[in-house]
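# Chains, contacts and geometry: an overview
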Amino acid sequence: MSRDRLTITLDEDLLTAVDSTIDGSSVRNRSHAIEHLIRQGLHLHELTYVVLAPNGPSDAALLPNLVQRLAVTSIIHSVIISDPAQPQWAQELALSLATLVPKLTTSIIPGDFGNAAALTLVAQELTQPFLLIQFGQQTELPDSFFPLYTEHRHSDKAVTQLLCSQTGISFEPAGCSIVSPELINYIPAGRATLADVFPLLAKAGRVGTYVD
């Protein structure tokens, strides 16, 4: 992720407070301290889970793009939903994430009854808004997850979907969303996929959108 240099002016008392957060390890200097405090102010530190759901064959370029973006987030837990149609997919993805993003703890849950039904198995873990990525050939990722998350935090929606466009005219879901735990309340009993649940949320007016 690119970084921009900024010059800011702070009151002396406020600068003293910023300096007090520097501990030499997790907060190394003033720049890092200000970045840390901004993340807290925007609640970016609360985004700690990513759920990776199968959505057909995926683009090979998706994983390195995902790794690059996850590395600069506060996400430390990943949940991978297995795909009965691709028996090795979840295990291979988990191994890749363990190698490329060491900070992540990864668990695999069965998707035999649909990728939405699988979420009910981890409902007790998903107590804050989480990143949901539906792996498929049409999946697009934003340059950063933070604007999408901030948009979700400022809305009252259960889901904020990233939209993308190949033409600049019509927009389609990109397979990347920020989801609140409320979504789980819309998952029907039995077999259920996200393709079943999202229309229910939209009908209830609980889906928002974001264009990167």
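You'll find the structure just up there.
Residues numbered from 1 in each chain as written. Predicted model: local features only at pLDDT ≥ 70, side-chain atom pairs only at ≥ 80, totals over all residues. Heavy atoms only, no water.

### A word on the overall build of the protein
Check the secondary structure of the protein and you find seven helices and seven strands. Its helices and strands in sequence order give the protein the pattern α-α-β-α-β-α-β-α-β-α-β-β-α-β, from N to C terminus. Within the protein, buried positions represent 41% of all 212 residues. Residue pairs at least 24 apart in sequence account for 73% of intrachain contacts in the protein once pairs closer than 6 positions are excluded. As presented, the protein carries roughly 11,600 Å² of accessible surface, and 53% of it is formed by carbon and sulfur atoms. (Helix = DSSP H or I, 4+ residues; strand = E, 2+ residues; numbered from the N terminus. Buried < 20%, exposed > 50% of the residue type's maximum accessible area, 1.4 Å probe, protein only. Contact = heavy atoms within 4.5 Å. Areas by Shrake-Rupley, 256 points an atom, 1.4 Å probe, with all protein chains shown as cover.)

### A word on the nonpolar core
Ranked by size, the top nonpolar core spans 30 residues in total, and within it Leu 52, Leu 70, Leu 97, Leu 131 and Ile 133 carry the most contacts. Put simply, the parts of the chain that give this core at least two residues each are strand S1 (49–54), helix H3 (62–70), helix H4 (89–100), strand S4 (130–135), helix H6 (146–153), strand S5 (159–164) and strand S6 (172–179). Once residues within four sequence positions are removed from consideration, Leu 131 is found in contact with Leu 47, Tyr 49, Val 50, Val 51, Leu 70, Ile 75, Phe 145, Cys 176, Ser 177 and Ile 178. Counting residues in each nonpolar core, the second largest holds 24 residues, with Ala 53, Ala 118, Ala 192 and Leu 201 among its members. (Core = buried A, V, L, I, M, F, W, Y, C linked by side-chain atoms within 4.5 Å.)

### Observations regarding helix H7 (residues 194–203)
Those residues of H7 that fall on the buried side of the exposure criterion are Leu 194, Val 197, Phe 198 and Leu 201. The buried side chains of H7 occupy one side of the element, clustering within an arc of 100 degrees when seen end-on. Away from its buried face by more than 90 degrees, H7 exposes Ala 195 and Lys 203. Backbone geometry just downstream of H7 places Gly 205 in the positive-phi region, at approximately 75 degrees. (Arc of directions from axis to C-beta.)

### Remarks on the packing of aromatic side chains
What describes a pair of aromatic rings is the distance from one ring centre to the other and the angle between the planes of the rings. According to the stated counting rule, one finds one aromatic pair in the structure shown. Here Trp 89 and Phe 135 contribute two aromatic rings whose centre-to-centre distance is 5.7 Å and whose plane-to-plane angle is 65 degrees, an arrangement assigned as edge-to-face. Pair noted here: Trp 89 is in helix H4 and Phe 135 is in strand S4, with a separation of 46 residues, a long-range link. Take Trp 89 and Phe 135: they sit in the same class, and that class is buried. (Phe/Tyr/Trp six-rings, centres within 6.5 Å; stacked < 30°, edge-to-face > 60°.)

### Observations regarding H3
Among all positions in H3, only Leu 62, Leu 63, Leu 66, Val 67, Arg 69 and Leu 70 are buried. Around the axis of H3, the buried residues are gathered within 170 degrees of arc, so they sit on the same side. Tucked inside the fold, the buried residues of H3 contact S1, H4 and S4.

### As for the sheet that holds S5
One open sheet holds the seven strands; their spatial order is S3-S2-S1-S4-S6-S5-S7, and the pairing between them is mixed. Both edges of this open sheet fall to strand S3 (105–109) and strand S7 (207–211), since each of them pairs with a single strand only. Going from strand to strand, the sheet's axes swing by 25 degrees on average, the running direction of each strand aside. Strand contacts of H4: S1, strand S2 (77–81), S3 and S4, with the helix running at about 160 degrees to S2, the strand carrying the most contacts. The strands touched by H7 are S1, S4, S5, S6 and S7; relative to S4, the strand with the most contacts, the crossing angle is about 130 degrees. (Pairing = 2+ DSSP bridges. Axes fitted to C-alpha atoms, helices over the stretch in contact; angles between N-to-C directions.)

### With respect to the pattern of salt bridges
Applying the stated criterion to the full structure yields one salt bridge. Notably, a salt bridge pairs Arg 206 with Glu 182, separated by 2.9 Å at the nearest N-O pair. Here Arg 206, found in the loop between H7 and S7, pairs with Glu 182, found in the loop between S6 and H7; they are 24 residues apart in sequence, far enough to count as distant. (Salt bridge = Lys/Arg side-chain N within 4 Å of Asp/Glu carboxyl O.)

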